[in-house]
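Here's the letter readout for the chains.
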Amino acid sequence: MYERAELEGRTVWGTGAPVDHGTVPEGLYCYDLFGSGEPMDAKNNYASQRPVTENCVGAIISMEPLPFHGRESLCLKGIEFHEDEPMCSLGELMGQAQQTACPQEMAGLCM
């Protein structure tokens, strides 16, 4: 299950479990998370530009690349969760993405 959030001005969907990158539809970006793993400890949790092989504490998915500003990881400090919204499955996430994107953007995102 994924929770919608805003990070660096982009909408992302996060989960507290590692994600098999091969299951993420083409056209979406998947980033592993590492750090303390504590949900309320954003300053000590990071999104990795490359897959994490050890100590992966979750993942985030985005419709556009995250701005790593030349670094290998991006601190989650400042992430804003939409706690009032229900969590969603990857299929539901795709439905939400299709509602907000134009048809040309979504052509490669069919499951």
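Residues numbered from 1 in each chain as written. Predicted model: local features only at pLDDT ≥ 70, side-chain atom pairs only at ≥ 80, totals over all residues. Heavy atoms only, no water.

**Concerning the environment of Gln49**
Working step 1: Relative to the helices and strands, Gln49 is located in the loop between strand 4 (45-48) and strand 5 (56-62).
Working step 2: In sequence terms Gln49 and Leu66 are 17 residues apart; their C-alpha atoms lie 8.5 Å from each other.
Working step 3: Residues in contact with Gln49, not counting those within four places in the same chain, are Tyr31, Phe68, Arg71 and Glu72. (Helix = DSSP H or I, 4+ residues; strand = E, 2+ residues; numbered from the N terminus. Contact = heavy atoms within 4.5 Å.)

**Here we look at the side chain of Thr15**
Working step 1: In this fold, Thr15 is placed in strand 2 (residues 10-15).
Working step 2: Taking relative accessible area as the criterion, Thr15 reaches 13% and is therefore assigned buried.
Working step 3: At a separation of 3.0 Å, a polar atom in the side chain of Thr15 contacts the main-chain carbonyl oxygen of Met1.
Working step 4: Excluding its chain neighbours within four sequence positions, the residues that come into contact with Thr15 are Met1, Tyr2, Leu33, Val57, Gly58 and Ala59. (Buried < 20%, exposed > 50% of the residue type's maximum accessible area, 1.4 Å probe, protein only. Polar contact = N/O pair within 3.5 Å; in protein donor to acceptor, adjacent residues only side chain to side chain.)

**A look at the nonpolar core**
Working step 1: Ranked by internal contacts, the top residues of the largest apolar core, which has 13 residues, are Leu7, Val12, Ala47, Ile60, Leu66, Leu76 and Ile79.
Working step 2: Of all the elements in the fold, those that place two or more residues in this core are strand 1 (3-7) and strand 3 (29-35).
Working step 3: The contacts of Leu66, once residues within four sequence positions are left out, are Leu7, Arg10, Val12, Tyr31, Ala47, Ile60 and Leu74.
Working step 4: Listed in part, the 12 residues of the second largest apolar core include Val19, Leu28, Leu90 and Leu93. (Core = buried A, V, L, I, M, F, W, Y, C linked by side-chain atoms within 4.5 Å.)

**Let's talk about the confidence of the model for the chain**
Working step 1: Per-residue confidence for the chain averages 86 on the pLDDT scale, and 86% of its residues sit at or above 70.
Working step 2: When the criterion is pLDDT under 50, residues 102-111 qualifies, and its contacts beyond four places in sequence or with other chains add up to 15 contacts. (pLDDT = per-residue confidence, 0-100.)

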